[in-house]
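So you can see what is in the structure, the chains are spelled out below.
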Amino acid sequence: MPPADAGRRFPDVRGLHTLQADLHQHTVFSDGVVWPHVRVAEARADELDVIAITDHLEWQPHQADLPNPDRNRGYEIARAASKLPDGLSEGDLWILERRAAGDEAAIAAQHILSAKPDSGPPPAPRRPVLVLPGAEITRGHSQHGRPALGHVSALLVADVNRLLLSDPLEVLQEVRRQDGFAFWNHPWSSPPPGDGVCRLGPWHDGLIRQGLISGIEIANDRSFSEEAFRMALEHDLTMIGSSDIHGLIGAEHPLDRGRLRPITLVFAEDRTEAAVKHALRSRHTAVCFRQTLIGRPEWIEPLLQACLSAGTGHYQPEPGAFSVQERPTTSVLRVQIRNASGLALLLRGTGPYSIVGDPGPIPVPAHSYVDVAALTGTRLQHADLRFEVLNGLIAPRRHPEVVLPVSIADQEVS
């Protein structure tokens, strides 16, 4: 049985960690409706490893109630929240830190009425979440004689305030000066006409060629764009999938209805900001949208090979079976196909051996297994079962394949 908290996890591949990331999220510091702490709590509940706070630079509808002179503030609050141990408030942690430093005077000066935590070093968070700094550049109209930029997220910048420039080209150049990473958000809905079709005009093509835009969302919220996927492959762009969440993730992507938020799988050397930046720049990503894995074959194929495995096969008839296929000379190979990931996978046989039983696709539940019977023609000592993974994409409308080696037990037939 899988562990109770197995979640939507994926195996590590090619010697790298498979990190789950949501790199496009909003808070009350732009047009979101939650405090940054909530984004961290949601990430922990969804077992994410990395999130980015990407509040709009320009769109600040809460200014009357929440003046925002420092565009880094949402990130800073989320980052502090990510370091909070479970069960401790920000105030509790502050007390522990002051007490560990021997600064009882600072605690007394606050006139704190609540019970003070015991002394000692603060415990580590149960599930650390790496929070990345970022911002969303939002230009829906032409400016400075240039076409509309649309929406672009800038990650891993040192100071978001320095991006507050009127010329969108200068904004992207500032992102590069700060050694940041920029990706094009939902290009099928912005810039105009925003009719659901992803188009690459001369303006954005030039930005890509200059390296000012290095990634592209192929999935955003509840939509996936086949054209954006094709564009990522053709123009060597990093593939991103994100929630673009403004409200509560549990309300917009309720797990009890199977509506998982889109995420980016980042294949990184470790769980650090530098390693994530290197992975994004190296295009070491894939996307999980709803129940489908999407990405380049060099990542999707080894990931699926790591997810799926076959147990030891056997030809021994089942007791009490009387069908032709169950006679002692049967060549029906019985094997257990296991899925080590948190995503149910849908298989269709493609190899030389016919699959016996249900003619439809074979669902392999998350963190579980399914029994499969294959007609091998003769009794073998080893077989390679080949399957197409129907909820995987390595190009528009093209599914990846996996090969599952099966060792066959040498059993006496009773």
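Here is a short report on the structure shown in this document. (Residues numbered from 1 in each chain as written. Predicted model: local features only at pLDDT ≥ 70, side-chain atom pairs only at ≥ 80, totals over all residues. Heavy atoms only, no water.)

The next point concerns helix α3 (residues 90-100). Within an α-helix, residues lying three or four positions from one another point in the same direction, as the helix has 3.6 residues per turn. Among all positions of α3, only Asp 92, Leu 93, Ile 95, Leu 96 and Arg 99 are buried. In a view along the axis of α3, the buried residues occupy a sector of 160°, so they form one face of it. Following α3 by one or two positions, Gly 102 adopts a phi angle in the positive range, close to 75°. (Buried < 20%, exposed > 50% of the residue type's maximum accessible area, 1.4 Å probe, protein only. Helix = DSSP H or I, 4+ residues; strand = E, 2+ residues; numbered from the N terminus. Arc of directions from axis to C-beta.)

Here we take up the pairing of strand β5 (residues 150-155). Most of β5 is tucked away, with six of its six residues classed as buried. Pairing analysis gives six bridges linking strand β4 (residues 134-139) to β5, with the strands arranged antiparallel. Each bridged residue has a counterpart across the sheet, and for Ala 135 the counterpart in β5 is Ala 154. As defined by bridge partners, β5 adjoins strand β6 (residues 181-184) across four bridges and the pair is classed as antiparallel. By the bridge assignment, Val 152 is partnered in β6 with Trp 184. (Pairing = 2+ DSSP bridges.)

Moving on to the sheet that holds strand β18 (residues 368-375). Judged by pairing direction, the sheet is antiparallel, and its four strands sit side by side in the order β13-β14-β18-β16 without closing on themselves. At either end of the open sheet lies a strand with only one pairing partner, and these are β13 (308-310) and β16 (354-356). Sheet twist, expressed as the average angle between the axes of neighbouring strands with direction ignored, equals 40°. Alignment of β16 against β18, held across three bridges, turns out to be antiparallel. Note that in β18 the partner of Val 356 across the bridge is Ala 373. Its contacts with the sheet put helix α10 (residues 297-307) on β13 and β14 (332-339), and the angle it makes with β13 is roughly 45°. (Axes fitted to C-alpha atoms, helices over the stretch in contact; angles between N-to-C directions. Contact = heavy atoms within 4.5 Å.)

A few words now on the packing of aromatic side chains. Centre-to-centre distance and the angle between the planes together describe a pair of aromatic rings. All chains considered together, the criterion is met by five aromatic pairs. Ring centres 5.3 Å apart and planes at 50° place the aromatic pair Phe 29 and Trp 35 in the tilted group. A residue is classified by how much of its surface remains accessible, and Phe 29, at 6% relative accessible area, is buried. Here the aromatic rings of Phe 224 and Phe 229 are separated by 6.3 Å at their centres, their planes lie at 55°, and the arrangement is tilted. In textbook terms, an aromatic cluster arises when at least three aromatic residues are bridged by ring pairs, as seen for Phe 224, Phe 229 and Phe 289. (Phe/Tyr/Trp six-rings, centres within 6.5 Å; stacked < 30°, edge-to-face > 60°.)

This next bit is on the pattern of salt bridges. Taken as a whole, this structure holds 20 salt bridges when the rule is applied. Measuring nitrogen to oxygen at the nearest pair gives 3.5 Å for the salt bridge that ties Glu 76 to Arg 73. You can see Glu 76 and its partner Arg 73 sitting in helix α2 (residues 73-82), three residues apart, about one turn around the helix. Between Asp 179 and Lys 277 there is a salt bridge, with the nearest N and O atoms lying 3.2 Å from each other. Taken together, the residues Asp 179 in the loop between α5 (168-177) and β6 and Lys 277 in helix α9 (residues 273-281) connect sequence positions 98 residues apart. (Salt bridge = Lys/Arg side-chain N within 4 Å of Asp/Glu carboxyl O.)

Outside of glycine, negative phi angles account for most residues, and trans bonds account for most peptide bonds. With omega at 0°, the peptide bond leading from Ser 190 into Pro 191 counts as cis. Looking at the secondary structure, you find Pro 191 in the loop between β6 and α6 (202-209). Residue His 367 is not a glycine yet carries a positive backbone phi of 50°. Of note, His 367 is situated in the loop between β17 (362-364) and β18.

What follows is about the sheet that holds strand β20 (residues 392-393). Read from one edge to the other, the open sheet built from seven strands follows the order β3-β2-β1-β10-β11-β12-β20, with strand pairing classed as mixed. Looking at which strands have only one partner, the edges of the open sheet turn out to be β3 (130-132) and β20. Across three bridges, the pairing between strand β2 (residues 50-53) and β3 is parallel. Among the inter-strand pairings, Ala 52 is bridged to a residue of β3, identified as Leu 132. Contacts between α2 and the sheet are confined to β2 and β3, with β3 contributing the most and set at about 175° to the helix. Its contacts with the sheet put α10 on β1 (17-25), β10 (263-268), β11 (285-289), β12 (292-295) and β20, and the angle it makes with β12 is roughly 145°.

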